[in-house]
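Summary of the model geometry
Each chain, written out:
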Amino acid sequence: MISMSGDGANDQELYWGIDVPGLTEEDASRLASTIRSSGLSPEPILVNPEMFLTLRIDRETAGALRSALLRTQLNPIIDGLRESIDDWLDSTAEDL
């Protein structure tokens, strides 16, 4: 996955991601170089899908996940995930 950042509303950074199934690390690096040289993003971030789970979920699913996490015994990992979901839901609420 390649994540690109840019300026968003309310001075918060906006991130866009591109998922390309079957892409090799070498191909991903070339694509990132093309994005960088085209001026679309000064520094695209490559995310190794073998090491990171990226979630592409809608608001309703995020809200359900947050509700489920609130019923779970809290620990630093659960707290961090819930806070990330809260932040995203709060930052996108104005867009509804």
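Structural data are supplied above this passage.
Predicted model only: the values in this text are computed from it and were never measured. (Residues numbered from 1 in each chain as written. Predicted model: local features only at pLDDT ≥ 70, side-chain atom pairs only at ≥ 80, totals over all residues. Heavy atoms only, no water.)

**Observations regarding the nonpolar core**
Formed by Ala62, Leu69, Ile78, Ile85 and Leu89, the largest nonpolar core amounts to 5 residues. For this core, the secondary-structure elements that each account for two or more residues are α2 (59–70) and α3 (76–92). Looking at this core, the element that brings in the most residues is α3, giving 3 residues. Among residues more than four places away in sequence, those in contact with isoleucine 78 are Leu69, Thr72 and Gln73. (Core = buried A, V, L, I, M, F, W, Y, C linked by side-chain atoms within 4.5 Å. Buried < 20%, exposed > 50% of the residue type's maximum accessible area, 1.4 Å probe, protein only. Helix = DSSP H or I, 4+ residues; strand = E, 2+ residues; numbered from the N terminus. Contact = heavy atoms within 4.5 Å.)

**With respect to the side chain of aspartate 86**
The residue aspartate 86 is located in helix α3 in this model. With relative accessibility at 16%, the residue aspartate 86 sits in the buried group.

**Brief notes about the packing of aromatic side chains**
Taken as a whole and judged by the stated rule, the model has 0 aromatic pairs. The ring centre of tryptophan 88 lies 5.8 Å from the NZ or CZ of arginine 59, which sits over that ring. (Phe/Tyr/Trp six-rings, centres within 6.5 Å; stacked < 30°, edge-to-face > 60°. Lys NZ or Arg CZ within 6 Å of the ring centre and 35° of its normal.)

**Concerning α3**
The end-to-end C-alpha distance of α3, which contains 17 residues, comes to 24 Å, matching closely the 24 Å that a straight helix rising 1.5 Å per residue would cover. For α3, every residue scored as buried is listed here: Ile78, Arg82, Ile85, Asp86, Leu89 and Thr92. All buried residues of α3 project into a common sector of 145 degrees when viewed along the axis, lining one side. What points out from α3, more than 90 degrees from its buried face, is the exposed set Pro76, Ile77, Asp87 and Asp90. Along its buried surface, α3 packs onto α2. For α3, the N-terminal cap is asparagine 75; the gap from its side-chain oxygen to the backbone nitrogen of isoleucine 77 is 2.9 Å. (Expected span 1.5 Å × (residues − 1). Arc of directions from axis to C-beta. Polar contact = N/O pair within 3.5 Å; in protein donor to acceptor, adjacent residues only side chain to side chain.)

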